[in-house]
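Notes for the structure review
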Amino acid sequence: MSLTPEEMQARLDRVREIQASLSPEKVVRGVTRLFDLAPADEPDEFTFPAFDKPTRQRIFGGQVIAQALMAAARTVDPGKTAHSLHAYFLRGGDEAKPLHFRVHRDFDGRSFANRRVVVRQDGKVIFNLTASFHAPEPGAAHQAPMPDVLPPEECAELVENLAADPNVSDAQLERMARLRPFETRNVRPASTERGTKHYQWYRLAAPIGDDPLLHRAFLAYVSDMGLLSSSLLPHGFTWSTPGLFSTSLDHAMWFHDDIRVDDWFVYVMDSDWTGGSRGINRGLIYRRDGTLIASAMQEGLLRITPPAPGA
């Protein structure tokens, strides 16, 4: 099945109409509220309420990564900033149910602090995260140079690719058009190339002030967008491929430098391996000036159900 140029243009026009009707500030505020956790009855415990109007079958992984990071940071001396996190997705979360965060203060030293965060729904652990915090100090420095990438102005908007994908229904396309807090431009290899390397430019659709922790939370949030698709590319799959079930198994991230997510930054992604229904994905995140600000790794589950005979 494929779409005619007229059908693709009609879908894209509909997306543009939806986006023009929305306030970017309102959309960004909606995501910012995800990071506003309420204190629970016990010390070092926090809660987040159920969504009034769930929009997904499963909680977006980037949401719970960022929320757990925020919970951990709220128990650490402000002089120490998050430099790494390691997380496991154990069960699919449900937007229609509240989340409970329990922070364990595993270590507090002069230079470093370490926190463990256990996230539960209905009393069951769905996610856990370990985060390390470091007080800034001088030292030797080097970085991998930013690869040769097109500037965001010369890249296709993500919604253009989605509008051209016949496996993305009109309803899915409209939902994604309403829920995107980031402007997103991407470059992917042609499906015939079976390449693994791709990149996406991101910029938050509205400013969020100067709180560095909030910018880190948004960066953790967006680090789960597109990364898993790296291991799909060489097989000609996308998240919308019929019969494909894909989800994150774990996620690791290292923060190297400060970032403003309301300025353009590029996420360069690749995959080293797939096998046994799993795939490895890695990414480097650069500021537009070429500064490497973060690195990420993720393993994902990739299960494909063959079509029934005669289908």
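Refer to the preceding data block for the structure.
Attention here is on the structure that accompanies the text.

Cut-off values and rules
- Residue positions within a chain follow its written sequence, with the count starting from 1.
- In keeping with the model being predicted, local features are shown solely for residues with a pLDDT of at least 70 and side-chain atom pairs are shown and tallied solely at 80 or more, while totals for entire chains, interfaces and linings include all residues.
- The side-chain values count all of the structure's non-hydrogen atoms but skip hydrogen atoms and water molecules.
- The secondary structure listing takes helices from DSSP runs of H or I that are at least 4 residues long and strands from runs of E that are at least 2 residues long, numbered from the N terminus.
- Note that the radius of gyration is over C-alpha atoms, with the globule rule given as 2.2 Å times the number of residues to the power 0.38.
- When accessible area is computed with a 1.4 Å probe and restricted to protein chains, residues below 20% of their type maximum are described as buried, those above 50% as exposed, and intermediate ones as partly exposed.
- Contact criterion: two residues are considered in contact whenever any of their non-hydrogen atoms come within 4.5 Å of each other.
- For the accessible areas, the method is Shrake-Rupley and the probe is 1.4 Å, while residue cover comes only from the protein chains on display.
- Think of it this way: Lys and Arg go in the positive column, Asp and Glu in the negative one, and His and the chain ends go nowhere.
- The atom standing in for a charge is NZ when the residue is Lys, CZ when it is Arg, CG when it is Asp and CD when it is Glu.
- Strands were regarded as paired on the criterion that DSSP finds at least two bridges between them.
- Here a helix's expected span is defined as the number of its residues, less one, multiplied by 1.5 Å.
- Counted as salt bridges are all cases of a side-chain nitrogen of Lys or Arg within 4 Å of a carboxyl oxygen of Asp or Glu.

Quick word on the overall build of the protein
When you go through the protein residue by residue, the secondary structure sums to six helices and 13 strands. Its C-alpha radius of gyration of 20 Å places the protein within 12% of the 19 Å reference for a compact globule of 311 residues. In terms of its C-alpha atoms, the protein occupies a principal-axis envelope of roughly 60 × 45 × 45 Å. Per-residue burial for the protein yields a buried fraction of 45% across its 311 residues. Considering only contacts within the protein whose residues lie at least 6 apart along the sequence, 73% involve residues at least 24 apart. For the protein, the computed accessible surface area is about 15,700 Å², with 52% contributed by carbon and sulfur atoms. Within the protein, one finds 35 positive and 40 negative side-chain charges whose respective centroids are separated by 4 Å.

A look at the pairing of strand E13 (residues 292-304)
Across the 13 residues that make up E13, a large majority, ten, are buried. Here eleven bridges tie strand E10 (residues 244-255) to E13, and the two strands are oriented antiparallel to one another. Bridging from a neighbouring strand, Thr-247 pairs with Leu-301 of E13. Across nine bridges, the pairing between strand E12 (residues 278-287) and E13 is antiparallel. Bridging across to E13, Arg-282 finds its partner in Met-297. Linking two consecutive strands that pair antiparallel, namely E12 and E13, is a turn of four residues; a positive phi of about 95 degrees is found at Gly-290 within it.

With respect to helix H3 (residues 61-73)
Helix length check: H3, at 13 residues, gives a terminal C-alpha distance of 19 Å against a target of 18 Å (1.5 Å per residue), a fit within 8%. Summarising burial for H3: 13 of the 13 residues are buried, a large majority.

Some details on the pattern of salt bridges
Applying the stated rule across the entire model yields 20 salt bridges. Of the charged contacts, one joins Glu-153 and Arg-288 as a salt bridge, the two residues approaching to 2.8 Å between their closest N and O atoms. Of this pair, Glu-153 sits in the loop between strand E6 (124-134) and strand E7 (156-157) while Arg-288 sits in the loop between E12 and E13, and the two are 135 residues apart along the sequence. A relative accessible area of 39% means that Arg-288 is categorised as partly exposed. Arg-282 serves as the salt-bridge partner of Asp-272, at 2.8 Å between the closest nitrogen and oxygen. A residue pair is termed long-range when its members are at least 10 positions apart, and Asp-272 in strand E11 (residues 265-275) and Arg-282 in strand E12 qualify at ten residues.

Function cannot be read off these values alone, since they describe shape.
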